[in-house]
Amino acid sequence: ADDWIPIRPGTDGAMALAMLNVLLNEKGIYDREFLKKHTNAPYLVGEDGHYLRDISSKKPLVWDAADGKAKPFDADVKDIALEGSHVIGEVMGTTSFQALKEGVKKYTPENVESITTVPAETIRRIAVEFGEAARVGAKITIEGKELPFRPAAANYLRGATTRKHGSNVGLTVSLLNLMIGAFHVPGGHMGVNLVGPSGKWGPRVNRDGLMLPVEIFAHGFN
């Protein structure tokens with residue numbers, strides 16, 4: 001490694017949130033097409049933090065910027081909105097991605113420096129280097145097939161997560177990969193197979209269009 005960045009134990013989540021703030025709000029480095037097509041980033045949420053849903057199908061709504069109205073996420077959406085807030089009937093809906101951008105604003109490198117002991121300029125530098133290394137929009141051809149190329153990845157191990165709020169830390173670090181589209185593509189991050197080599201779990205879709213979590217029967221719990 002080129003850098004070893006000492007950090008106060010237990011503050012990895014704060015570091016990741018500050019990096020997200022830099023990427024999303026300061027530098028605007030994120031994979032817009034990946035977020036629109038493969039995540040719930042465009043899904044509209046209400047003031048209570050829950051999805052706004054279609055009355056008949058109960059499916060989460062997204063905003064079609066071309067038609068100027070909300071539609072179920074799997075409808076014929078001409079121009080799906082990734083950012084912004086929109087009025088649906090008498091309710092205000094904000095995209096999940098916009099809510100994330102707003103939520104991380106308070107985690108400036110300057111504010112997080114006192115939490116992590118990592119200097120603000122170092123946090124900002126690492127975030128920018130991470131985003132630039134991802135080469136958002138780049139492609140690579142492998143065996144005749146064109147694929148996204150994202151040569152950057154954030155990973156976490158046991159030390160960051162086996163403590164209070166550890167699960168949230170893991171999710172926050174994973175958001176770094178999702179924001180740049182470095183998820184199961186060449187150069188990016190490959191998640192852990194929780195079931196193991198003998199597991200029979202494969203990707204399945206739930207009613208909201210998202211991947212169902214694995215049932216970990218191989219380890220005696222689910």
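Presented here is a report on the structure given in the accompanying data block. All residue numbers here refer to positions counted from 1 along the written sequence of the relevant chain. Totals for whole chains, interfaces and linings use all residues, but because this is a predicted model, local features are given only for residues with pLDDT of at least 70 and pairs of side-chain atoms are given and counted only at 80 or more. As a rule here, side-chain values come from all non-hydrogen atoms in the structure, and water together with hydrogens is ignored.

Right, let's talk about the overall build of the protein chain for a bit. Numbering of helices and strands runs from the N terminus, with a helix taken as a DSSP run of H or I at least four residues long and a strand as a DSSP run of E at least two residues long. Tallying secondary structure elements over the protein chain gives seven helices and seven strands in all. N-terminal to C-terminal, the α/β element order of the protein chain is α-α-β-β-β-β-β-α-α-α-β-β-α-α. Based on C-alpha atoms, the radius of gyration is set beside the globule rule, defined as 2.2 Å times the residue count to the power 0.38. What you see for the protein chain is a C-alpha radius of gyration of 19 Å, in line with the 17 Å of a compact globule of 222 residues. Dimensions along the principal axes, computed over C-alpha positions, put the protein chain at roughly 50 × 45 × 40 Å. Burial classification: accessible surface area is computed with a 1.4 Å probe over protein chains only, and a residue below 20% of its type maximum counts as buried, one above 50% as exposed, and the rest as partly exposed. A buried classification covers 38% of the 222 residues belonging to the protein chain. A sequence separation of at least 24 residues applies to 53% of the contacts in the protein chain between residues at least 6 apart. Positive charges are assigned to Lys and Arg, negative charges to Asp and Glu, while His and the chain termini are left out of the count. Charge placement uses NZ in Lys and CZ in Arg. For Asp and Glu, CG and CD serve respectively. Positive and negative side-chain charges in the protein chain, numbering 26 and 26 respectively, have mean positions lying 4 Å apart. Should any heavy atoms of two residues lie within 4.5 Å, those residues are considered in contact.

Turning our attention to the side chain of D31. Mapping D31 onto the fold places it in the loop between α1 (12–27) and α2 (32–38). Discounting residues that sit within four places of it in the chain, D31 has contacts with V136, R150, M179, I180 and G181.

All right, on to the packing of aromatic side chains then. Think of a pair of aromatic rings as described by two things: how far the centres are apart, and how the planes are tilted against each other in angle. Side-chain rings of Phe, Tyr and Trp, where Trp is taken by its six-membered ring, are said to pair if the distance between their centres is within 6.5 Å; with planes under 30 degrees apart they count as stacked, over 60 as edge-to-face, and otherwise as tilted. All chains considered together, the criterion is met by three aromatic pairs. Taken together, a centroid distance of 4.8 Å and an interplanar angle of 55° make the contact between Y30 and F97 tilted. With Y30 in the loop between α1 and α2 and F97 in helix α3 (residues 96–103), this residue pair connects regions lying 67 residues apart in the sequence. For the pair shown, Y30 and F97 are each scored as buried. Ring geometry for Y43 versus F73: centroids 5.4 Å apart, planes at 35°, classification tilted.

Pairing between side chains of opposite charge can happen when the charged atoms of each approach one another. Take a side-chain nitrogen of Lys or Arg and a carboxyl oxygen of Asp or Glu: if they are within 4 Å of each other, that pair is a salt bridge. Scanning the model with the defined rule gives 13 salt bridges in all. In this structure, D64 and K71 form a salt bridge, with 2.8 Å as the shortest nitrogen-oxygen distance. Each of the two residues, D64 as well as K71, counts as buried. One salt bridge in this structure joins K71 and D67, with 2.6 Å as the shortest N-O distance. Taking the relative accessible area as the measure of exposure, K71 reaches 10% and is therefore buried. For D67, a relative accessible area of 33% gives the class partly exposed.

Multiplying 1.5 Å by the helix residue count minus one yields the expected span of that helix. With 16 residues, α1 extends 21 Å from end C-alpha to end C-alpha; this agrees with the ideal 22 Å at 1.5 Å per step. In terms of burial, α1 is largely enclosed, as twelve of its 16 residues are buried. Check the buried side of α1 and you find it contacts α3, α4 (109–116), α5 (120–133) and α7 (166–179). Following α1 by one or two positions, G28 adopts a phi angle in the positive range, close to 60°.

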